[in-house]
Amino acid sequence: MSLKLEERLCELRRLTNQFDERMKLAHASELARDGRLLEAEGILCQGKGIPQTVDELDLLARIHVQQGRFEDARRRWRDAAKLDGSHTHDECIEVLDRWLEYRHKTVLRRLKLA
């Protein structure tokens, strides 16, 4: 096989893998929107445990929030922040923490009224 043909095949494999990853993310996103959180999580984590891309980690974190698994969500957002170096995921953690604090205060206030 010629070198040029091998290079083309390698590029084709790379593009195919990239396409497969995007389709997997789209399918998991659709399942999560439909409330099928365990199925979405299963697609993101299949065979390899924790996802390896920023978008997959972010989606998994959002799924964890919906499941009430707040520490897992923080971990996934921290993993995503390490990969992309942006502060977007740090902001997600801050918003989650503010929401949890608000929820806690609301519960305490309601308990005092009861």
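Residues numbered from 1 in each chain as written. Predicted model: local features only at pLDDT ≥ 70, side-chain atom pairs only at ≥ 80, totals over all residues. Heavy atoms only, no water.

S.K.: Explain the overall build of the protein to me, please; I cannot follow it from the model alone.
M.R.: Counting its regular elements, the protein contains five helices and zero strands. Starting at the N terminus and ending at the C terminus, the protein contains elements arranged as α-α-α-α-α. Radius of gyration (C-alpha) of the protein: 19 Å, far over the 13 Å computed for a compact globule of 114 residues. With 114 residues in all, the protein has 31% of them scored as buried. Put simply, 39% of the contacts in the protein that link residues at least 6 apart link residues at least 24 apart. A total accessible area of about 8,300 Å² is found for the protein, and carbon and sulfur atoms account for 56% of it. (Helix = DSSP H or I, 4+ residues; strand = E, 2+ residues; numbered from the N terminus. Rg over C-alpha atoms; globule rule 2.2 N^0.38 Å. Buried < 20%, exposed > 50% of the residue type's maximum accessible area, 1.4 Å probe, protein only. Contact = heavy atoms within 4.5 Å. Areas by Shrake-Rupley, 256 points an atom, 1.4 Å probe, with all protein chains shown as cover.)

S.K.: Can you help me understand the side chain of Asp58 in this one?
M.R.: Relative to the elements of secondary structure, Asp58 occurs in helix H3 (residues 54–67). For Asp58, a relative accessible area of 17% translates into the label buried. Among the polar contacts made by the side chain of Asp58, one reaches the side chain of Trp77 at a distance of 2.8 Å. What Asp58 contacts, discounting residues up to four positions off in sequence, is Trp77 and His89. (Polar contact = N/O pair within 3.5 Å; in protein donor to acceptor, adjacent residues only side chain to side chain.)

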